Amino acid sequence: MATNRTFTMIKPDAVEKNYIGGILDKINAAGFRIVAMKYTKLSKVEAGAFYEVHSERPFYRELVDYMSNGPIVAAILEKENAVEDFRTLIGATNPAEAAEGTIRKLYAESISANAVHGSDSDDNAAIEGNFFFSSLERF
Ligand code: ATP
Ligand code: MG
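Residues numbered from 1 in each chain as written. Chains lettered and ligands numbered in written order. Predicted model: local features only at pLDDT ≥ 70, side-chain atom pairs only at ≥ 80, totals over all residues. Heavy atoms only, no water.

(A) Broad picture of the side chain of T8. Examined against the element boundaries, T8 turns out to sit in strand 1 (residues 5–10). Residue T8 is classed as buried on the basis of its relative accessible area, which comes to 3%. Of note is the side chain of T8, whose polar atom sits 2.7 Å from the backbone oxygen of H117. Apart from the residues lying within four places of it in its own chain, the contact partners of T8 are V73, A74, A75, L77, F86 and H117. (Helix = DSSP H or I, 4+ residues; strand = E, 2+ residues; numbered from the N terminus. Buried < 20%, exposed > 50% of the residue type's maximum accessible area, 1.4 Å probe, protein only. Polar contact = N/O pair within 3.5 Å; in protein donor to acceptor, adjacent residues only side chain to side chain. Contact = heavy atoms within 4.5 Å.)

(B) The packing of aromatic side chains, seen in detail. Within this structure, the stated rule accounts for 9 aromatic pairs. When the centroid spacing of 5.8 Å and the interplanar angle of 50° are considered together, the rings of F7 and F50 count as tilted. Here F7, found in strand 1, pairs with F50, found in helix 3 (residues 44–50); they are 43 residues apart in sequence, far enough to count as distant. Grouping residues by exposure puts F7 and F50 together as buried. A ring pair is formed by F50 and F132, whose centres lie 5.9 Å apart and whose planes are at 65°; its orientation type is edge-to-face. With F50 in helix 3 and F132 in helix 7 (residues 122–132), the pair connects residues that are 82 residues apart, well separated along the chain. (Phe/Tyr/Trp six-rings, centres within 6.5 Å; stacked < 30°, edge-to-face > 60°.)

(C) Up close: the pattern of salt bridges. A complete count under the given rule lists 7 salt bridges for this structure. One salt bridge connects K44 with D65, and the closest N-O pair in it is separated by 2.9 Å. Within this pair, whereas K44 is found in helix 3, its partner D65 is found in helix 4 (residues 60–67), the two being separated by 21 residues in sequence. We classify K44 as exposed; its relative accessible area is 52%. Residues participating in the shared-partner salt-bridge network are R5, R33 and E78. (Salt bridge = Lys/Arg side-chain N within 4 Å of Asp/Glu carboxyl O.)

Dropping the structure here:
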């Protein structure tokens, strides 16, 4: 059964380019409510743990370096059908293939610096939200 929460990060490339406001605008306009949010920076170890599922992929080291390179915004978002609807809102992993109007089409520069993360399943949304937020940080 689909839950109503997903997890996102605004990645270092988008933070550096001052896209936080524009991306949050798109998220709110699409009907997501912010349950939890923080501005923080991942260490290499934390970024490696977060993306552990990709540890065998050729781009893993590049991904960990990039995700620990600067601050990010982490958030839990709520909406009916949150995981699937948020993946639609952000667009394809490769911005060159992302649909018009999606966050990655608007704000991402490449497949490795693609502006935002979105959970790919309800189970992962819960795991990823728990990675960043305690129960006292959710409203
Ligand atoms: P995310 O999990 O960040 O929301 P995604 O689910 O669209 O992205 P994944 O397949 O989970 O894509 O890959 C995780 C991240 O790894 C991508 O967002 C991207 O930053 C990076 N990545 C994926 N494929 C490549 C690739 N071929 N080359 C470089 N980086 C890649
Ligand atoms: Mg993914």
